[in-house]
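Below, each chain spelled out in residue letters.
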Amino acid sequence: MQKNSFFVILVLSSLLIFSCKSDEKTVLQFEAMNTIMTVQLYGPNAQNAATQVVQKIGDLEKSISSTLPDSYISLLNRPGGQFSKTDEHTFYLLDYAKKMGIATDGALNIALYPVIKEWGFTTGDYKVPSQDKIDELLLHTDFTKINLFEGNQVQIEEGMQLDLGAVGKGYAGDLAVEVLKNLGIKSALLDLGGNIQALGTKSDGSPWKIGVKNPWGGEAVAGLYINNEAVITSGGYERFFDTLDGKRYIHIFDGKTGYPVENDLESVTIISESGLYADSLSTALFVMGFEGAKSFWEKHQDFQMILITKEHKIFYTPLLSDRIFSVDDSIPMFML
Ligand code: AMP
Ligand code: MG
């Protein structure tokens, strides 16, 4: 199999919106949710469908962004602890993320925004905060105190601030697929900043072939065939900073300590029909580390996963065995 034929998970450098149409295929690249997204659609009406996907994801971003000042999340994050009206999508995500936070014993915690900001991950002005500051900020990170009421009303306590960065792109993928299905599109591959979401198969009926990114750089370490699924990866290599003494701090946080996660994993890839479930779990299982991720999977078994460890090993769940293949011999693969 040729490496260059994979739809490799890449961060593209262009910020331009462009589209092209050849035969029945439409490719549209755009910027949303602080990343580059590409949709690849097949079938009649694909150009219009692609435009509607861009619109849908743009609307979601306007609702759930922590940085756009008028989003529902930003309104909720204002000081004051007031009740705030949200919309259907924001409310659904808050409810879902709260439940997933409980299911993962706090590994997924959407109330860490003040901590993440203090470390500089929202501005790029990185620093290691004092322990006192971290302790003070951790007092307001109990996500179980996100109060959800009828009519999409939400209330959080004074000092608490939310960030849906760990779940938003997965949900965007689900919404995009819903838009496409409603428009009669049967075949599409979406790359939402490295999160892959497939609708159906390729137009010739064969499965999509995608790559799982090499956390140490370069292209893929493994290839995977997928159909109608999301493939979502969390890894420290995506965003981090290094201090002068050579220590690396990554963008995924342990809500119990207020520090960036430091464990035996380089990346966690989750495969599920639901982009939202996959996105929530990729972050949460990354926080848990190898043993935690493995036991969570053993208990639930309603998703597939690929763990890449710091020891340069790839582990995958048994149901992937007939559709995953190695690309890089120096990184051996093992079935969980
Ligand atoms: P992802 O790339 O899906 O793993 O999401 C990572 C983003 O989610 C980070 O950039 C933060 O904005 C936020 N985040 C970091 N740690 C956590 C956590 N433990 N739970 C929920 N969100 C987090
Ligand atoms: Mg995630």
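Residues numbered from 1 in each chain as written. Chains lettered and ligands numbered in written order. Predicted model: local features only at pLDDT ≥ 70, side-chain atom pairs only at ≥ 80, totals over all residues. Heavy atoms only, no water.

Trainee: Would you mind going over the site of ligand 1 with me for this structure?
Mentor: What surrounds ligand 1 is a group of 17 residues, the closest being Asn109, Asp163, Ser234, Phe253 and Thr283. Residue serine 234 places a side-chain N or O atom 2.6 Å away from an oxygen atom belonging to ligand 1. In this structure, aspartate 279 approaches ligand 1 through a side-chain N or O atom, which is 3.0 Å from an oxygen atom. Taken by itself ligand 1 offers 500 Å² of open surface, and the protein chains cover 92% of this. (Near = heavy atom within 4 Å. Polar contact = N/O pair within 3.5 Å; in protein donor to acceptor, adjacent residues only side chain to side chain. Areas by Shrake-Rupley, 256 points an atom, 1.4 Å probe, with all protein chains shown as cover.)

Trainee: Help me understand the coordination of the magnesium ion (ligand 2) in this model?
Mentor: Tetrahedral coordination by four donors places them ideally at 109.5 degrees to one another around the metal; octahedral coordination by six donors ideally gives 90 or 180 degrees. In this structure, Ala166 (O), Asp279 (O), Asp279 (OD) and Thr283 (OG1) serve as the protein donors to the magnesium ion (ligand 2), at separations of 2.1 to 2.4 Å. Sequence spacing of the donor residues for the magnesium ion (ligand 2), all on one chain, is A-x112-D-x3-T. With alanine 166 in the loop between strand E6 (153–155) and helix H6 (168–182) and aspartate 279 in helix H7 (residues 275–300), this residue pair connects regions lying 113 residues apart in the sequence. Just as alanine 166 is buried, aspartate 279 falls in that class too. (Donors = N, O, S within 2.8 Å, 3.2 Å for Na, K, Ca; no water. Helix = DSSP H or I, 4+ residues; strand = E, 2+ residues; numbered from the N terminus. Buried < 20%, exposed > 50% of the residue type's maximum accessible area, 1.4 Å probe, protein only.)

Trainee: Help me understand the layout of surface pockets, please; the structure alone is not making it clear to me.
Mentor: Over the atoms, a rolled probe matching the size of one water molecule traces out where space is still vacant. Approximately 230 Å³ is the volume found for the second largest pocket. Lining the second largest pocket are 14 residues, and of these Gly236, Arg248, Ile250, Glu266 and Lys310 lie nearest its centre. (1 Å grid on protein atoms, 1.4 Å probe; cavity = no way out; pocket = protein on both sides within 12 Å on 5 of 7 lines; lining within 4 Å. Points joined across faces, edges and corners; volume = space filled by probe spheres on them.)

Trainee: Which parts of the structure should I look at to understand the packing of H6 against H7?
Mentor: Contact pair H6 / H7: the axes reach a minimum separation of 7 Å and the direction vectors enclose 165°. What the angle tells us is that H6 and H7 run roughly antiparallel. The crossing of H6 and H7 is right-handed. Listed contacts from H7 to Gly168, Lys169, Gly170, Tyr171 and Asp174 of H6 are Gly275, Leu276 and Asp279. Residue composition of the contact of H6 with H7, by class: 2 nonpolar, 3 polar and 3 charged. (Axes fitted to C-alpha atoms, helices over the stretch in contact; angles between N-to-C directions. Parallel < 35°, antiparallel > 145°, perpendicular 65-115°, else oblique. Left-handed = near helix turned anticlockwise from the far one by under 90°. Contact = heavy atoms within 4.5 Å. Nonpolar A, V, L, I, M, F, W, Y, C, P; charged D, E, K, R; others polar.)

Trainee: Is there a simple way to explain the nonpolar core in this structure?
Mentor: Nonpolar side chains tend toward joint burial in soluble globular proteins. If you look at the biggest cluster of nonpolar residues, it comprises 72 residues, and the most contacted ones within it are Ile57, Leu162, Leu180, Leu285, Phe303 and Met305. In terms of residue count, H7 provides more of this core than any other element does, 12 residues in total. Those residues in contact with phenylalanine 303, other than ones at most four positions away along the chain, are Ile270, Ile271, Ser272, Tyr277, Leu281, Leu285, Phe296 and Trp297. Formed by 20 residues, the second largest nonpolar core is a distinct cluster that contains Val221, Ile306, Ile324 and Ile331. (Core = buried A, V, L, I, M, F, W, Y, C linked by side-chain atoms within 4.5 Å.)

Trainee: What exactly am I supposed to notice about H6 here?
Mentor: Since one α-helical turn is 3.6 residues long, residues separated by three or four positions face the same way. With 15 residues, H6 ought to run about 21 Å at 1.5 Å a step, and its terminal C-alpha atoms sit 21 Å apart, in line with that. Within H6, 11 of the 15 residues are buried, which leaves the element mostly enclosed by the surrounding structure. All buried positions along H6 are accounted for by Gly168, Gly170, Tyr171, Ala172, Gly173, Asp174, Leu175, Ala176, Val177, Val179 and Leu180. Glycine 184 sits one or two residues past H6 and shows a positive phi near 85°. (Expected span 1.5 Å × (residues − 1).)

Trainee: Looking at this model, I keep getting lost on the packing of aromatic side chains. Mind explaining?
Mentor: Following the criterion strictly, the structure yields 18 aromatic pairs and no others. Their ring planes at 85° and their centres at 5.7 Å tell us that phenylalanine 121 and phenylalanine 253 sit as a pair that is edge-to-face. Taken together, the residues phenylalanine 121 in the loop between helix H4 (113–118) and helix H5 (131–138) and phenylalanine 253 in strand E14 (residues 253–254) connect sequence positions 132 residues apart. Assessed through its relative accessible area of 7%, phenylalanine 121 is described here as buried. An angle of 45° between the planes, with centres 5.5 Å apart, marks the rings of tyrosine 225 and phenylalanine 325 as tilted. Separated by 100 residues along the polypeptide, tyrosine 225 in strand E10 (residues 220–226) and phenylalanine 325 in strand E19 (residues 324–326) bring together distant segments of the chain. Look at tyrosine 225 and you get partly exposed, because its relative accessible area is 24%. The exposure class assigned to phenylalanine 325 is buried, which follows from its relative accessible area of 14%. The ring of phenylalanine 240 carries the charged tip of arginine 248 above its face, separated from the ring centre by 3.7 Å. (Phe/Tyr/Trp six-rings, centres within 6.5 Å; stacked < 30°, edge-to-face > 60°. Lys NZ or Arg CZ within 6 Å of the ring centre and 35° of its normal.)

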